[in-house]
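# An overview of the molecular structure
Below are the chains, spelled out letter by letter.
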Amino acid sequence: MLDAIHPWGSRVRAFCSQSIETRVASELWHMQGYWLLRQRIFTGEQRLFADSDRDEHDDHALPIVALALTAGMPDTVVGVVRVYSVGNQQWFGGRLGVCPSYRHHGLVGETLIRTAVGTALAAGCRRFLATVQLGNVRYFQRHHFDVVGQRLVCGVTHALMRARLADFKPVVPAWPGAPEEPA
Ligand SMILES: CC(C)(COP(=O)(O)OP(=O)(O)OC[C@H]1O[C@@H](n2cnc3c(N)ncnc32)[C@H](O)[C@@H]1OP(=O)(O)O)[C@@H](O)C(=O)NCCC(=O)NCCS
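I will try to describe carefully the structure that is included in this document.

What counts, and where the lines are drawn
Residues numbered from 1 in each chain as written. Predicted model: local features only at pLDDT ≥ 70, side-chain atom pairs only at ≥ 80, totals over all residues. Heavy atoms only, no water. Helix = DSSP H or I, 4+ residues; strand = E, 2+ residues; numbered from the N terminus. Buried < 20%, exposed > 50% of the residue type's maximum accessible area, 1.4 Å probe, protein only. Areas by Shrake-Rupley, 256 points an atom, 1.4 Å probe, with all protein chains shown as cover. Expected span 1.5 Å × (residues − 1). Near = heavy atom within 4 Å. Polar contact = N/O pair within 3.5 Å; in protein donor to acceptor, adjacent residues only side chain to side chain. Nonpolar A, V, L, I, M, F, W, Y, C, P; charged D, E, K, R; others polar.

## A few points about the overall build of the protein
A tally of helices and strands in the protein yields 3 helices and 9 strands. For the protein, the α and β elements follow one another from N to C terminus as β-β-β-α-β-β-β-α-β-α-β-β. Burial analysis of the protein (183 residues in total) assigns 45% to the buried set. Here the protein displays about 9600 Å² of accessible surface, and carbon together with sulfur accounts for 53% of that area.

## Quick look at helix H2 (residues 108-122)
Taking 1.5 Å as the rise per residue, H2 with 15 residues should run 21 Å; its terminal C-alpha atoms sit 21 Å apart, in good agreement. Most of H2 is tucked away, with 11 of its 15 residues classed as buried. Of the residues making up H2, those classed as buried are Val-108, Gly-109, Leu-112, Ile-113, Thr-115, Ala-116, Val-117, Gly-118, Thr-119, Ala-120 and Leu-121. Two residues or fewer past H2, Gly-124 is found with a positive phi of approximately 100°.

## Notes on the site of the ligand
Near the ligand, the surroundings consist of 18 residues, among which Leu-96, Val-98, Gly-106, Gly-109 and Arg-142 are the closest. For the ligand, an oxygen atom lies 2.8 Å from a polar atom in the backbone of Gly-109. Arg-138 has a polar side-chain atom sitting 3.4 Å from an oxygen atom of the ligand. Relative to its unbound accessible surface of 940 Å², the ligand loses 70% to contact with the protein. Where the shell around the ligand is concerned, the elements lending two or more residues are strand E6 (90-98), H2, strand E7 (127-133) and helix H3 (137-142). Here the shell around the ligand is built from residues that sort into 7 nonpolar, 8 polar and 3 charged.

Pasting the structure below:
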């Protein structure tokens, strides 16, 4: 049995689904699950933020969700990540998180990374960066990222990592009505 965040925000028990789909969040329940899972992981579990992990990047970031399927229908948000352009065809990814019960399946985190980088690629990204907690550097190295520097995030040293874009494929269509790359 797994506990995950239900579309309507309550915690429910669910059986493990081998099938997930990842996509740019497009429905209200996707966004509700997205914010709830971010809050649960980055403020609750990791205590990186006192109240909320939302910041100025969320004003223009694309929220990406992993949805567990029940009888072929997506019904639960089990993973999140965001991507955003900083201009000059450079993008950042961040807030990668998987519902605890869905971790270590070799599925959700990897699929979210592929969708995040692929979505940026489809929108013209030529350089994709992520600030990664030091404990997760090895994980990202296994998923085609290299360390290119260091950054302080919330007073904590993170590795600045760059995706080897040749190892990723664009995810097309990225999302309906994709905006132009900012100047
Ligand atoms: C980091 C995170 C996103 C990974 O997501 P995930 O879906 O669990 O990723 P995977 O299942 O592909 O792999 C996770 C680990 O389980 C291992 N694993 C994968 N399949 C496994 C299996 N069948 N049995 C045992 N271990 C397995 C992987 O080797 C990996 O180990 P590593 O961390 O030593 O590299 C997730 O753990 C998470 O949300 N953590 C909290 C938030 C966080 O730290 N985010 C990253 C910020 S930089």
